[in-house]
Amino acid sequence: MKPAAPGAIIFELNRLRNPVEPQFTQRVRIKCFGNFSVFVDGKPLLISRAKPRELLAYLVHKQGTAISSSEITAVLWEDKEYSKSLQSYTRKIISQLRGILKEAGVEDIIHKGWNSISIDADRISCDYYDFLKGKMDSLNSYIGEYMNEYSWAEFTVGYLNEKKDKR
């Protein structure tokens, strides 16, 4: 009935069988299906160096779990033996990634702790996360490819395929 009060509209929306989820847009949108891509405010984020880009991809893959510097070193240089110089280079890569994100104005998507780093999964929009939540758009957009450019992501493809087949 007109005029509708805002409270009455909210009340009726909450009574729906499939309630309408509040829509808010994240500044950072990440695409994991196919090749890894990052967008800030709808524009591609240029990460020109491979290792900071791979580090961000791995942080997204870990869904907010804090990762130690030694784990990052093992993932980024899986074929090299651990050394102090490699550990130092890992710290440089972390610093480069943080600088890139700061320059883009989205440094708040990363949490840096003592000897650990993680992504704030609540501050990004991600097709992979939406898939895991069962959102239909992401279920339909997954065609068997997940972060194709990274060998550590290969194991996830089987899991995602199995999850999609069950739906």
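This text follows the structure it describes.
Please read all numbers here as calculations on a predicted model, not as lab measurements.

## Considerations on the pairing of strand β2 (residues 37–40)
Looking at chain direction, strand β1 (residues 28–31) and β2 are connected through four bridges and run antiparallel. Note that in β2 the partner of Val-28 across the bridge is Val-40. Counting the residues between successive antiparallel strands, the hairpin from β1 to β2 contains five residues, one of them, Gly-34, with a positive phi of roughly 85°. The sheet contact formed by β2 and strand β3 (residues 43–44) spans two bridges and is antiparallel. Bridge assignment links Val-40 to a residue of β3, and that residue is Lys-43. Connecting β2 to the next strand, β3, in antiparallel fashion are two residues, including Asp-41 with a positive phi near 50°.

## Some points on the pattern of salt bridges
Counted under the stated rule, the structure contains seven salt bridges. Arg-27 is paired through a salt bridge with Asp-41; the nearest N and O atoms lie 2.8 Å apart. Within this pair, whereas Arg-27 is found in the loop between α1 (6–14) and β1, its partner Asp-41 is found in the loop between β2 and β3, the two being separated by 14 residues in sequence. Taking the relative accessible area as the measure of exposure, Arg-27 reaches 38% and is therefore partly exposed. Sharing partners across several salt bridges, the network here consists of Asp-108, Asp-120 and Arg-123.

## Let's talk about the sheet that holds β2
Two pairing modes exist for strands in a sheet, parallel and antiparallel, and in both the strands are linked by backbone hydrogen bonds. On the basis of which strands lie adjacent, the open sheet formed by four strands has the order β3-β2-β1-β7 and mixed pairing. Looking at the sheet topology across the chains shown, the edges are occupied by β3 and β7 (124–126).

## Some thoughts on the packing of helix α2 (residues 50–61) against helix α3 (residues 69–76)
Packed helix pairs are specified by the crossing angle of their axes together with the interaxial distance, meaning the distance between the axes. Where α2 meets α3, the closest approach of the two axes is 11 Å, and the angle between their N-to-C directions is 115°. You can see that α2 and α3 cross each other, and the crossing is right-handed. Across from Lys-51, Glu-54, Leu-55 and Tyr-58 in α2, the residues of α3 making contact are Glu-71, Ile-72, Val-75 and Leu-76. Here the residues of the contact of α2 with α3 are counted per class, giving five nonpolar, no polar and three charged.

Conventions used here
Residues numbered from 1 in each chain as written. Predicted model: local features only at pLDDT ≥ 70, side-chain atom pairs only at ≥ 80, totals over all residues. Heavy atoms only, no water. Pairing = 2+ DSSP bridges. Helix = DSSP H or I, 4+ residues; strand = E, 2+ residues; numbered from the N terminus. Salt bridge = Lys/Arg side-chain N within 4 Å of Asp/Glu carboxyl O. Buried < 20%, exposed > 50% of the residue type's maximum accessible area, 1.4 Å probe, protein only. Axes fitted to C-alpha atoms, helices over the stretch in contact; angles between N-to-C directions. Left-handed = near helix turned anticlockwise from the far one by under 90°. Contact = heavy atoms within 4.5 Å. Nonpolar A, V, L, I, M, F, W, Y, C, P; charged D, E, K, R; others polar.

Take it as geometry only, folks, not as evidence of what the structure does.
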